[in-house]
Structures are given as C-alpha cells and as structure tokens.
Amino acid sequence: MSSLSQRPADAVVGQAIPHESATLHVTGAALYTDDLVGRTAGVLHAWPVQSPHARATVTALRVEAAYDVGGVVRVLTAADVPGLNDAGVKGDEPLFPDEACYVGQAVCWVLGETLEAARVGAAAVEVDYAPLPAIITVREAIAADAFQGGQPTLARGDVESGLAAATTVFAGEIDIAGQEHFYLETHASIALVDEAGQVFVQSSTQHPSETQSIVAQVLARPSNAVTVQCLRMGGGFGGKEMQPHGLAAVAALGATLTGRPVRIRLNRTQDMTMTGKRHGFHAQWRVGFDADARLVALDATLTSDGGWSLDLSEPVLARALCHIDNAYWIPDVRVNGRIARTNKTSQTAFRGFGGPQGMLVIEDILGRCAPLLGIDPAELRRRNFYVEGQATPYGQRVRHPERLVHAWDDLAARADLGRRREEVAVFNAEHPHAKRGLAITPVKFGISFNFTTFNQAGALVHVYTDGSVLINHGGTEMGQGLHTKMLQVAATRLGLPLERVRLAPTRTDKVPNTSATAASSGADLNGGAVKHACEQITGRLAEVAASGLGIDPSQVTFADGLVAGGGDSLTWEQVVALAYAQRVQLWASGFYRTEGLQWDSTAMQGSPFKYFAYGVAACEVEVDGFTGAYRTLRVDIVHDVGDSLSPLVDIGQIEGGFVQGAGWLTLEDLRWDESDGPTRGRLATQSASTYKLPSLSEMPEVFTVSLLEHAHEDGVVYGSKAVGEPPLMLAFSVREALRQAAAAFGPDGCAVHLATPATPEAVWWAIESARSQPVEASLPHRAEAAGVTIDSGDPSAQDEHEPDQPEPDAPPIAPESEQLADSGSPR
Amino acid sequence: MSSRMPSATVNGTPLGFEGVSGATNALDWLRSKGLTGAKEGCAEGECGACAVLVARPSPTDDATTEWTAVNACLVPAASLDGQEVVTVEGLGSPDDLHPVQREMAVRGGSQCGFCTPGFVCSLAAEYYRADRTDAGCDAHALSGNLCRCTGYRPIRDAADALGMPSGDDPLGRRRDAPAPDAVPTRLVGATGSYARAADLADAFALLAEHPEAVLVAGSTDWGVEVNLRGARPPFVIAIDRVAELRMLDDDDDAVVVGAALTLSEVERRLDGRVPLLAELLPQFASRLIRNGATLGGNLATASPIGDAAPVLLALDAEVVLASSGGERTLPISEFFTGYRTTVRRPDELIRAVRIPLPLSPVTAFTKIAKRRFDDISGVAVACALEVEDGSVTRARIGLGGVAATPIRAFATEQSLEGHPWSELTVHAAAEVLRGEGTPIDDLRASAAYRRAMLGSALLRLYADHAQPTTTEGARA
Ligand SMILES: Cc1cc2nc3c(=O)[nH]c(=O)nc-3n(C[C@H](O)[C@H](O)[C@H](O)COP(=O)(O)OP(=O)(O)OC[C@H]3O[C@@H](n4cnc5c(N)ncnc54)[C@H](O)[C@@H]3O)c2cc1C
Ligand code: FES
Ligand code: FES
C-alpha cells in the first residue's frame, strides 16, 4: 500500500458528514458571487448587446444613443481593449467580435448605474449587421465539410478484417443531444481595481487561474496584477470551466476604465443563449459480432457539435473516443473523430466531458442489436466485459476489471433482478396499455485529465500559534463537496478534530497556476497537495515533540488532537506553541502531481488515466402506451468510489450525477431553430419554462445506492476514487429500460430505435414502431425498425449511410418523419 | 390617497419600498435590502430558488393565517405592503437552525446550496400547513423547486422526516391570528406606479382613471412579462385581494368560483367537488405558482395552451364579466376571439367563473407535456360525457394546444352524441378528434404527436371507464 493511500484507524476521512457549508446553505447565509453586489459600494451593472443573427459581419456600431439613457456610464467596445481582444486560449474567441458567430453573442456591453439603465442602454445601441450564411446542425456541417481543430483517429488492430471475419455486421447511426448545464447560479463576476491598479475579480469560476490569465491577457497586465477569487459556485458541472473568463474580463475591463466596481451577472436567458453546453454528437458506426455475440470489431465516426469556437472541444472529443469501449473488450477498433463548426454557442465541458457521448454510442449499439442477435441485452453486456490482462483501444491495461463483475453481481442480488424480470414479464402480459422495462448497464470511466500537464495541484496550510489550522487549495467548490473532503484530509493527516481546521475561499494569490476543478480530479489532486503540506508540518512538529517527549521523531503519532509517543503525549496546542518558540515554520505549501501518466495525443495511445472508476445501475420504468409518458419505478446502483473520503458527499454525487444523466437522456431537450427563417440559429429553448430539468416529481419511487466494497485504490489519497463524473453515465440504464418497455408493445424479439433525448414523444414513436412490427418479421425487417442495417462488411457500403437521413429529432418511422418536416399540414 | 409610507414586515423588521416601482419584483427588493438568501435562478417562476413565505388568510379558516410560499421573483414588491414576510434568514440562523433547516443540512439536502433557501421555504410552508395530517410531506409541496445537484433523494428524505411544529414555535403560533388585511397601497415609482384596489368599486375607479393600467392578480403570468420580456407598465392595479373576486358559491344551479381566488385556494376549498378541476389542478404549474395564480388570470391571458380553458369548456362554464356599468355572463366557448384575444372590454374584469350543475359523470383531463409536473402543455384535452342506457347522451370536449385559442371539439362531440358507448364509436370519434384544430410543430411537440395524443386521450378515457359497463351494458 502506498503511503498516499494508507489510512489511519478512526480517520476523519471516511466519516459521513454533511457538506462543510450546509448550515450556511440552509439559512441563506452562504454567499455567492452576486450576493456581494449589495455589499460593495458604487457598483456598475453590465448588460450585453446580443447578436440576433447566427452569422453576420458587424458593419457599424453606434453607441451614442445609449449615452442618452439616464444612468448609462460607459459602453465597452473592442476599441477599449488594451490587450488581446480574445476570451479564450486558442485565439478564436474574440471578446468584442467584428463578426457575430451565433445568435446571442455579445458584440458590446453597456455599463449603468442600475441594471435597468444598462438594459435600456443596451437596447439603444444601434448595430448594423451584414448577415452571412450560417451552419446550424452537425449534419449541415458534415455536408459542408465545416470542421475545426484536429481530426484524431483512435485505432487498434485491423478493423476491416475484423468486420470481414464477423458473423454478423450491423451498421447504423445516432444523433446524440447536447445538454444545458443549468447550474442554478448563472454566471457572475464582480471586478474591482485597487489604489495600486491591482485588479481583483470575484468570479463564479471552476478555473480561477485561467480566468486570471485571460483577464490579464485582455487588460495587457501581468498575472501578478490580477487576483481571482471564487467564494463558491451555485453549481458548475463544467459550464464554468472556460465560460467565465470572458465575462470576468469584461467586468475587469469596465472596472479599469471607470475606476468603479463592475458586476456582470447573466440572467437565465443570457446564460443559456451566450454560454456553451454539452456537445451534441452524430455517430455513424459498423459493428461486428461473432457467433457467440462477442464484439469483434467496431468502426465509427464521431462528429461533435463544437459550436462557434474550439474552447474544450478537442479534449472533449478525445475523451469521447477513449470511452467508446465503455466496459467492453473490442479487439479491432477504428474511431475517427471530428469537430463540426456550427453557428451556435461554443460547446464546452460538461460532467463526463465527451465520455458520456462516446459511451452512449456503444450502449445504444448493444441495446439496438441485442434483440437482433437474439440475446438478452444484460447478457450481451456482461459477456463482453473486459477481463484481466486486456487493454483499451488506446493501449492502457484495464486494472481491476473484476470489480465490475463484483458490482454487477452484487447489484443483481441486491436489486433482486431475477425475480423482478419475471414480474415485469407478467406485468407486460397482463397490461395492454402499459409496459415495464428493467435494464442494467455498466460504467467504466477513466480518471485524470487526458492532458497530462493538468494533473497537478497545490495547497497552502497554515497552523496559527493557537493551534487552529487554515487550509487553502487550488480547487473550487461548486457543491461537489471538495472543501468538505479537503477538511477531512487535513484533519486526518494532522490528527485533529474537524472543528480545528478551517478552509478559506479559493484565490489565485494563495495557490497559483492551478488546474481547473474538473475531470472529477479535484479531490485526488488537491487532496494529494493538502496531504503533502500537512506532512511537512507534522514532520517538523514530530521533531519538536520528540525532543519534548524524549523519543525518536519516527515514534511520534498525531491523533485526536494529541501528539503522542513513548507512552506519553502532548496536546497539539502545546507542540505548536513549542514549535513557534523554537522558530519552527508552522505553515507549508503542498504540491501533488499524478505519477505514471503518459499520453500521445497524436497517436491517441498511452496510459492517460490513473485508474478507472466503475459502477453499475439497474433501472425499472413503466411506459404508458397511450402517450409514451413514463415513470421511473426503481433505481439501484452499486458504485466504486474506492475507500470513500466522505460517504455522504459521495452518495450525493452518485445520486445527483445519475439524475443529471437521466435528464440528459430523457427530458432535457435543447432545440435550435434550424429553419431558414429570420430566427435561424436561435436557441428555442432558452429559459426554464421551455428547457425542463428533472424535478422531484420524476424521482424514482425506490432509489438505492451502495458503495462497492473492498475497493481500496492504491496510490490515491487515502485509498479513494474520484466520483464527480462517472455516475452520470449510470443513467444509460434508464434509456435502455425505456427502450425495452417500448419494444414490449411489439412482438417478441422486436428491436427499436429510441431517439435522444427519450422524451415521452420519442418513446411514443418507438412504441408505434414496435406496434407496427409483424410477429414473424424477418431479421432485416426487424433491423430496419431499430434503425440498423445488416452490413456486408464491405467498406464501400458505408457511403449509403451518409447523412441524408431523418432529422435528429425525427421519429424513426417514415410517415411521421415526413410529417415533422412538413409543418402544420394535415395528415 | 393614503398618506402612510408603504412598508412590509420582513422577519419581524419593517422594511420600506424606497426606489420600488410597479415593475420591481419582491426578490430584487429583498436582495437590495441585504436579504440575499433568496436567489434568482430563472426569474420566471420555474426554479423556486426565490421562494419566501407570506402570511395569508388560511384557505380553510379565514380567521387564521397560513404561511404561504410564493415565488418572490414574480410577486411585485409593492404587493407586500402591509404584509408579513419570512425569508430563509428569518427561519433560523447557522447557530440556531429551524427544524426544516436542520433536516436539510444533516441529510445532505444541499450540495451547491443555491437552490436550498427556496427548498427550505417551500418545506417550511408545508411544515406549517394547518391541514397537514401526519408528519410527512405532501408530494406536491416541492413541485416548484428545482435542484440541479442532489438528485432530490436527500431532500425527499428531509421532507418525509418533518415533524410537527412545537407549541411554542413563534411562526406556528402566528397562525392562530388572522393574516394582515390587504392595504389599499398607492405607490408612485420612477418607472411605473402601483395601486391596490380596496374593493371592486375602487378597481373600476382606478381603471377609469388609468385606462393604460395593467391589472395584476397573482402576477404569475405578468411577472414573467416584466422579468423576461421587459414589460414596464406606467401603472399597475392589483386586484388579487378584492373581496368580490374571491367568493366561492356552491348552490343547486352552479359552482361559482371567484376569479381572484388562488388555484391553491380553489383546490382546497372545492376539495374534489368538481372532479375535472380536481384532476387539473395538481397538474397546473407547481404549488408555488398555484399559491398565486388565479382562474381570472389564466383566462384573461387567453393562452392557447392555458390549462383551465379546456376544462372549463368541457364543463360548459360561463365567464362573469363585471364593469362599472354592471355584469354580463357568457359561455366560455364564446369568450376567446383569437390568438390571445377575448371579448373582454378594457373596462371589464373577470369577476368569476360559473360552472353549471349537474356535472357530467364521465370525465377525464389529459395533459401532454415533457415533464409530468410543472410543465406547460403540448396538448390538453378535457372530456365530460354523459352515458345513459349504453349511449352517449352528451359530450363536451375542450382542447388546448391545437389552435390559436382553446377550442371545443364540436365534430368529435357530434360523433359521440347519440351513439353507443362502444369501442367502435370511440375509435371512430378518436379519429375525428385527431383531425380537430390545426396543431403545429414546435419545441414542445410535433404536430403529428399532438394529433396522435388527441386520439389517445379519448381512447384512454374509454379504457378507464368502459370496461365494467360494456359487459353489463350500462354505465355506472
Ligand atoms: C412556472 C409557471 C408555470 C405555469 N404553468 C402553467 C400551467 O401549467 N398551466 C397554465 O395554464 N398556465 C401556467 N402558467 C401561467 C400562469 O400561471 C397562469 O396563466 C395563471 O393562471 C395566471 O394567473 P395570475 O393570477 O397569476 O395572472 P396575472 O399574471 O396576475 O395576470 C395575467 C393577465 O391576466 C389579467 N388578469 C388577471 N386577472 C384578471 C381578471 N380577474 N380580470 C381581467 N383580467 C385579469 C392581467 O391583466 C394580466 O394581463 C404558468 C406560469 C408559470 C410562471
Ligand atoms: S427565480 Fe426561479 S422561480 Fe423565482
Ligand atoms: S444543491 Fe445545487 S442546485 Fe440544489
């Protein structure tokens, strides 16, 4: 066991404690960035002027009329930018653009004494646009060959001969929906300038260091003149990894120009129309199975919808490619990836970071093909699991594949799947107008940033002379409980009760050059750094205590606020006082970097992940045959978090991730205006009334989560595993259960295609397609119903599947899809 | 004009309305006063992060008070004049948690915490609800609050663990006295003024004086216009506490529901008296919205996807319009004239809705939406049928979401009336129903799905109601 993962008895880590801010949350005392407005004097408020065009050159910008509005103080335009007019790290995100690239893009900002003044002022700004042709959908981008960034291929073996040798080859495609983050707290920043010209930005950001460097880049200041602080976020989910930077920069620019604090807070509509979302994907594939229904080859092309600029699209795509295998051994693989450039918001990080989209491809394939192979989908999945000794398509050995089997079997027993499957069959036989489905799906998710450099973190731990401890680390708190875990790590390592340790908000002048709090890695990385800092302190204090106790420093232990050894002990406070008197340093900075990572992003080969997190979910749904509406009856989960640092937090992450994933796959329906009308490119679902999140009413009646036992992870802080992202993908079980329930309206062995998101309408079309299948339908006929063709294995056949197919949201059956395209005409 | 300075009692402390206009919402006002516990997550009544408690007359006993949770983002600040408000800060403090706050904190009910103040206020309203029978929580109490982090399980557990308020709980005891009376507020704001009508005559007088004024009842529709679409009326007339609009009569001829009763009040006071309404109301928005929304507001907006209209069409209801010149009553099928237009004259108010008796016995309300609760309808179908001796003797079907106005499905009604109550009739009628109106494709549903759902509504009604009778040849 590594010293990093070793955990003392009765450790504070592992205790199920509430979120460190829970009492502040429930009383409204917890402050978020925009709560500071009323606590700051003389604040100016900012309002954007947003483009109504999906793509247009800004030919003229007349701001004079805005100044006629009472209370308008300043209009910010490109001419005001002293540094680089760019909000990103790739040089493709102009902050004040001369070409608008999507509906809603800010072309300039108005600052007012009140928000109302800024709003009215923004409405008074006159902008002339020369509209240009725009690309809205991925399929349009494919047709127009409009891509951005690299086009990586992940390959192993010889996919063509693999497919040629397969017993059955299927081909198909899928459109995967994007997702709005809908963190409850929208983007917010407040910037101030002090008497020395130092810029201080409070921002709701997952990546304070990058926010800092973009602010510096826009202002043409060195980073040491800019400090960014994040108190806490009201949710991030990846949406505040890159998107806050430009907003912080505008606030900072306004503050430097006016000398007054400037606040930007997007309202919900602005947030939804201006900032990036989860990438939608289009995937096209051929898959081969042998006579035992084992996967032999997969050939796929994944095209992500990048939106107007690259931001994180490349690493998102890389993770999608690296997760197309999910939990399954596929000998011959070729996956091509490319990023469509579309005139939409710049799609960005979102919990799972491409992983969910990649995994959905294979889970959808298995769900569609199982009936065609004549095999139970659960058996098909389980049969194809990785076993010890096998490696992923990118060449990383899959460690602990047996954990997945344990989780699967454990879940099957806990959730009584055998008996419940029979009950579902009986229910379905007895109910013509309602059907149930019960599905079980696995998750294997790689942990670490794909980009090796980011796998580092810092911390600062102070011990004051009264013995109290203050910690600071580079991670941000967005509800995931990172701060809670860091307090537990510090208390454990220092041998102190939790109350003796406090944590201060994340600031770039405390811990510099931090990575984004992302990739689920916050606790792994910052926990390593906090522990490292604490170890330096205990090392020094051990020396002090040893001389006091008359023993060797190696005999000294720290536990329960006592520093002990040789049968005697001193209190922590006594040792701290002694150390101070002896002029021993009582604070330390910690650093951590993940060892053993290696990644060649060109060859798409290496071992980019420290380890894999595993999980299994079983879900039972009931579908209404009249409407396609459904209820989730029961969800059971077994998930691998290693040795949990904080079980209440971890279970919260699992449940929350699952529900968010279920939202993505079933309910949340981003709609863009794809018509040729004047509002082409407009986000049609730009508010909470049209974009629906899961609510309490959709909660499964029974919802159980167990943490996988015997799951110690060597080489990670106190034996734990990351938990932020992997559980999101447990929600595949909901989609597959819906598919099975819809298919149950048809004859036995019927296969169906289910659109994403599986809204009641999408489920209803799947039911209709099941109902229309004849009892003795031939395999090709059944395959057609699943949106799958039976392929010869001949690569030239690929061309037939080029995107001249129904629209993404269209139902899979022809008459209705024509109906959809033909708006409003009678049947 | 009253000379008193408008103010509200918030967490026991009087707060004034300096700088407030008719369009200023309560959330912005509270936050400007340093009470930043309530959050803005959407500004359109969907997320509940802004929820606060207001002391209102109890729907079940006028002499007592109910702590009613409302969306502060929609309620005009000025409407709180003279009222008592409790925010999350007023319930408890980090060192002295309210029982609701404690349950939420210890069970992991907060992750990022941004939604939490709203959940706490909705839960507190449920905690203090006088007719709550056991220690559990009504399933709908939290239907207007969204959380993006937790997945709700710990919140549901916290709700299920609510005990009963202790005898010396100050907010619990406050319930025993009447709620504050409505105050005839007159507030002049920089970008618009606000007046609360003292009674119906005052409302007419205000309307006559300010013909450009906007009437506001629960403000659940109007608040969205203000917040999202920038509506800034020069003058707002609040009518939600006008006694004449808040009556409820149930006699031999009709059930008459005041236009300004909140839907929560209607739901609880009718208590299942009109089954079709009882089916509708839990599916209408959320508890938070129903605590403000009124039937008058729902009909006045004349939204083609409003949920009350299809039900009232099926009930053959009448709309009672009142003006200083008197009243007129007309069938609701004649009320709507076009997309968001009605026969109501600018000087008229909707005073009440009259539901004639007896009620048809076979009824169903089907609402098609993406989310089961708190979602706007893609299609809504309300049916009320009478079946005698195995034949349909009367059919009324109201539809929403298939035309520019809510409509009656006249052709379908005809294909049912006078025909045997049989599978054959219903299938034929369902086909006719699929052809009613002119449904369109939009973000909520495709036209094809909308059409299919019209038919489904009738087929399901038959499946639910017909089975026992077809064998016996008569309807129960
Ligand atoms: C989150 C949310 C969810 C919603 N869900 C639904 C839903 O499920 N189904 C649905 O149908 N609607 C829904 N709505 C819309 C809205 O809540 C209803 O239309 C509600 O009934 C409006 O009533 P109100 O008293 O709040 O109207 P207000 O907002 O106060 O007024 C709306 C309009 O009606 C006029 N008006 C109000 N009362 C009268 C009167 N007595 N006489 C004449 N004019 C009057 C006002 O002048 C104003 O123009 C929802 C709204 C929100 C914000
Ligand atoms: S802010 Fe979302 S309901 Fe009020
Ligand atoms: S705790 Fe974050 S939205 Fe509920």
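Calculation criteria
- Residues numbered from 1 in each chain as written.
- Chains lettered and ligands numbered in written order.
- Predicted model: local features only at pLDDT ≥ 70, side-chain atom pairs only at ≥ 80, totals over all residues.
- Helix = DSSP H or I, 4+ residues; strand = E, 2+ residues; numbered from the N terminus.
- Buried ≥ 20, exposed ≤ 12 C-beta atoms within 10 Å, placed from the backbone.
- pLDDT = per-residue confidence, 0-100.
- Contact = placed C-beta atoms within 7 Å.
- UniProt positions renumbered as here; feature names shortened; annotations may be inferred.
- Axes fitted to C-alpha atoms, helices over the stretch in contact; angles between N-to-C directions.
- Parallel < 35°, antiparallel > 145°, perpendicular 65-115°, else oblique.
- Left-handed = near helix turned anticlockwise from the far one by under 90°.
- Nonpolar A, V, L, I, M, F, W, Y, C, P; charged D, E, K, R; others polar.
- Pairing = 2+ DSSP bridges.
- Arc of directions from axis to C-beta.
- Core = buried A, V, L, I, M, F, W, Y, C linked by C-beta atoms within 7 Å.
- Near = placed C-beta within 6 Å.

## Looking at the overall build of chain A
- A tally of helices and strands in chain A yields 21 helices and 31 strands.
- Counting only C-alpha atoms, chain A reaches 90 × 75 × 45 Å along its principal axes.
- For chain A, the residues scored as buried account for 63% of the 827 residues in total.

## Topic: the confidence of the model for chain B
- Summing up the model confidence of chain B, the mean pLDDT is 94 and the portion of residues at 70 or higher is 97%.
- Low confidence marks residues 468-476 of chain B, where pLDDT is under 50. Its contacts with residues over four positions away, or in another chain, come to 9 contacts.

## Let's talk about the UniProt feature "domain: Aldehyde oxidase/xanthine dehydrogenase a/b hammerhead" (unreviewed entry) in chain A
- Here the UniProt feature "domain: Aldehyde oxidase/xanthine dehydrogenase a/b hammerhead" (unreviewed entry) sits at residues 27-133 of chain A.
- The distance from the first to the last C-alpha atom of residues 27-133 of chain A is 51 Å, and the span holds 14% helix and 32% strand.

## A short note on the packing of helix α3 (residues 99-106) of chain B against helix α4 (residues 116-127) of chain B
Residues and elements named next belong to chain B.
- Look at α3 against α4: their axes get within 9 Å of each other, and the N-to-C directions meet at 130°. As summarised for this structure, α3 and α4 are arranged oblique, according to the angle between their axes. Classified by chirality, the crossing of α4 by α3 is right-handed. Touching V100, Q101 and M104 of α3 are T116, F119, V120, L123, A124 and Y127, all from α4.
- Broken down by class, the residue content of the contact of α3 with α4 amounts to 7 nonpolar, 2 polar and no charged.

## What about the interface of chain B and chain A?
- Facing 69 residues of chain B, the contacting portion of chain A comprises 66 residues.
- For the side of chain B that touches chain A, the secondary-structure elements that each account for two or more residues are α1 (26-32), α2 (88-91), α3, α4, α5 (153-160) and α16 (447-472) of chain B.
- Ranked by residues supplied to the side of chain B that touches chain A, first place goes to α16 of chain B with 9 residues.
- Looking at side-chain class alone, the side of chain B that touches chain A contains 34 nonpolar, 20 polar and 15 charged residues.

## Digging into the sheet that holds strand β12 (residues 226-230) of chain A
All names here are of chain A.
- Read across the open sheet, the 8 strands follow the order β3-β5-β1-β13-β10-β11-β12-β21; overall the sheet is mixed. What marks the edges here is a single partner per strand, and that holds for β3 (72-76) and β21 (506-507).
- Against the sheet, helix α3 (residues 115-124) contacts β1 (44-50), β3 and β5 (106-112), and its axis sits at roughly 25° relative to β1.
- The strands touched by helix α7 (residues 244-258) within the sheet are β1, β3, β5, β10 (188-193), β11 (199-203), β12 and β13 (262-265), with β10 carrying the most contacts at an inclination of about 30°.

## Quick word on helix α7 (residues 200-209) of chain B
Residue and element names in this part refer to chain B.
- Every buried residue of α7 is listed here: A203, L206 and L207. All buried residues of α7 fall inside an arc of 100° around its axis, so they share one side. Opposite the packed face of α7, turned more than 90 degrees from it, sit the exposed residues A201, A208 and E209.
- Lining the buried residues of α7 we find β7 (193-196), β9 (235-238) and β16 (349-356).

## A closer look at the pairing of strand β1 (residues 7-10) of chain B
All names here are of chain B.
- Judged by which residues are buried, β1 turns out to be one-sided: A8 and V10 face inward and are buried, whereas S7 and T9, on the alternate face, are not.
- Alignment of β1 against strand β2 (residues 13-16), held across 4 bridges, turns out to be antiparallel. Paired with A8 across the bridge in β2 is L15.
- The antiparallel pairing of β1 with β2 creates a hairpin that spans 2 residues between the two strands, and N11 there sits at a positive phi of about 50°.
- As paired strands, β1 and strand β5 (residues 84-86) are joined by 2 bridges and run parallel to one another. Bridged to V10 within β5 is V85.

## Observations concerning the UniProt feature "domain: FAD-binding PCMH-type" (unreviewed entry) in chain B
- Those places that UniProt annotates as "domain: FAD-binding PCMH-type" (unreviewed entry) correspond, in this numbering, to residues 187-360 of chain B.
- Between the end C-alpha atoms of residues 187-360 of chain B there is a gap of 47 Å, over a span that is 29% helix and 26% strand.

## With respect to the nonpolar core
- Within the largest apolar cluster, 427 residues are counted, with the highest numbers of intra-cluster contacts made by A251, A490 and A742 of chain A together with I237 of chain B.
- Excluding its chain neighbours within four sequence positions, the residues that come into contact with A490 of chain A are V461, V469, I471, V501, V530 and C534 of chain A.

## Thoughts on the sheet that holds β5 of chain B
Residues and elements named next belong to chain B.
- What the 5 strands build is an open sheet, ordered β2-β1-β5-β3-β4; its pairing is mixed. Strands at the two margins of the open sheet, each flanked by one partner only, are β2 and β4 (65-71). On average, each strand axis in the sheet is inclined to that of its neighbour by 35°, with strand direction left out of account.
- In the packing of α4 onto the sheet, contacts are made with β3 (51-57) and β4, and the angle to β3 comes to roughly 25°.

## Brief notes about the site of ligand 1
All names here are of chain B.
- In the vicinity of ligand 1, 34 residues are found, and the nearest of them are G45, G218, G296, G297 and N298.
- For the shell around ligand 1, the secondary structure elements donating two or more residues are β8 (214-216), α8 (222-229), α12 (295-301) and β16.
- Top contributing element to the shell around ligand 1 by residue count: α12, with 5 residues.
- When grouped by side-chain class, the residues that make up the shell around ligand 1 number 19 nonpolar, 11 polar and 4 charged.

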